[in-house]
Amino acid sequence: MIFSRPLIIFLVSPALLFCVALMCILPMTPASAQDVLSALSGGLPALTSTEFGDGTTSYSLSLQVLALMTALTVLPSLVLGMTSFTRIIIVLSILRQAMGTQQTPPNQVLIAIALFLSFFIMAPTLTEVYEKSADPYLNGDVPAEIALETASDTMKGFLVKNTRKADLKMFADMANQGSFETPESVPLTILLPAFITSELKTAFQIGFLLFLPFLVIDMVIASVLMSLGMMMLSPMLVSLPFKLLLFVLVDGWAMTVGSLVATYSA
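Starting from 1, residues in each chain are numbered consecutively following that chain's sequence as written. In keeping with the model being predicted, local features are shown solely for residues with a pLDDT of at least 70 and side-chain atom pairs are shown and tallied solely at 80 or more, while totals for entire chains, interfaces and linings include all residues. Side-chain calculation: all heavy atoms of the structure are included, whereas hydrogens and water are not.

1. Describing the overall build of the protein chain
For the purposes of this entry, the term helix denotes a DSSP run of H or I that reaches at least four residues, the term strand denotes a run of E that reaches at least two, and both are numbered from the N terminus. Tallying secondary structure elements over the protein chain gives eleven helices and two strands in all. Put simply, the protein chain runs from its N terminus to its C terminus through helices and strands in the order α-α-β-β-α-α-α-α-α-α-α-α-α. Accessible surface is estimated by sampling points in the Shrake-Rupley manner with a 1.4 Å probe; for residues, cover comes only from the protein chains shown. Of the roughly 16500 Å² of accessible surface on the protein chain, a fraction of 72% belongs to carbon and sulfur atoms.

2. A short note on the packing of aromatic side chains
Stacked, edge-to-face and tilted labels apply to pairs of Phe, Tyr and Trp rings (six-membered ring for Trp) whose centres lie within 6.5 Å, assigned for plane angles under 30 degrees, over 60, and everything in between, in that order. What the rule picks out here adds up to four aromatic pairs. Measuring from ring centre to ring centre gives 6.2 Å for phenylalanine 214 and phenylalanine 247, while their planes differ by 45°; the resulting arrangement is tilted. Taken together, the residues phenylalanine 214 in helix H9 (residues 188–227) and phenylalanine 247 in helix H10 (residues 235–249) connect sequence positions 33 residues apart. Neither phenylalanine 214 nor phenylalanine 247 differs from the other in exposure class; each is buried. Feature note: the residues Phe158, Phe195 and Tyr264 constitute an aromatic cluster, connected by ring pairs. Exposed residues in this analysis have more than 50% of their type's maximum accessible area, buried residues have under 20%, and partly exposed residues fall in between, with area computed by a 1.4 Å probe over protein chains only.

3. Section: the side chain of threonine 86
Within the secondary structure layout, threonine 86 lies in helix H5 (residues 85–99). The contact criterion used throughout is that any non-hydrogen atoms of two residues lie within 4.5 Å. Other than its neighbours up to four places away in sequence, threonine 86 contacts Leu80, Ile196 and Leu200.

4. Remarks on the packing of H5 against H9
The N-to-C vectors of H5 and H9 enclose an angle of 25°; their axes lie 8 Å apart at closest approach. When the axes of H5 and H9 are compared, the pair comes out roughly parallel. Note that H5 runs across H9; the crossing there is right-handed. Of H9, the residues touching H5 (which contributes Thr86, Arg87, Ile90, Val91, Ile94, Leu95, Gln97, Ala98 and Met99) are Ile196, Glu199, Leu200, Thr202, Ala203, Phe204, Ile206, Gly207, Leu210, Phe211 and Phe214. Here, axes are lines fitted to C-alpha atoms. For helices the fit covers the stretch in contact, and angles between N-to-C directions go from 0 to 180 degrees. An angle below 35 degrees is read as roughly parallel, one above 145 as roughly antiparallel, one from 65 to 115 as roughly perpendicular, and any other as oblique. Two helices that cross are described as forming a left-handed crossing if the nearer one is turned anticlockwise from the farther one by less than a right angle, and a right-handed crossing if clockwise.

Below is the structure:
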C-alpha cells in the first residue's frame, strides 16, 4: 500500500513522542541514551519505509496495518453516507412508531434488518468494485491510486442514480460548480451531501405513506370510544391489536421491504 508522507508523519508521531517521554522518565546512562538516539535516527524497526529507484515507496506491514485500523474509524460514516442504510433505518423507525409498539422490534433488530437489506441492495455495486478495483490491486496488476479511482467511479455511478437532480443541482450551485457531463465527473464533496439529503426526503415520503393507514385506525378507535363514553380508556391501547392484525393480514413486512428495495436503481 502507498501512503503520502503527511499521513506517515501523522501515524508515526505518537510512537516517537512515546519514545521521547520514555527517555525523559527512565534513568539512562550516556551509552544507553546514545543507543536509543541512534535507533530513532535510523527509524523504528516496525515502522519503516523503503524508496525504490522508480520513485515508489514501500511501507512495512506494521505501518500498513496501522493505517488500515485508522481508516476503519471512518467505516460507520461510509455505511451511513454512501449506502441505502439511512433510508431503510428511517422508514423502519417511522413504521414502528406508527404501529405504536414502543420498542418492538428493538433497535438492534431494526439495525440488523437495515444492514442486511443494504448489503442486498449494494451487492451489484460492491461486486463491481471488487472485480474492477480490489481484485486487480490484490493481484498486483494496478497501483493503489488507480484502484481507488476506479472504486470511486463505481460508487459515484450508484450515488448519482439514486440522487435527486434538484438536490444535486442545489449543492453544485452552492459550490459554484456548473453542470457535469458524466457521473464520474461529480466530486464527492458535492455528491455525498446531495445523496444524504435525497435519502432523507425519500425516507420521510415513504414514512408518511406508511403512517396514514395506522393514523386512520387510531382516529376511528378514538371516535368509537368517545361515542361510547369511554374517554378514560386509551385509544392507542385499544387500536394496537387492530393495527397488528391489519399489518399481518396484508403481509406488511414483505410489502415494506419489497417497496424499499424497489426504490433503488442498481
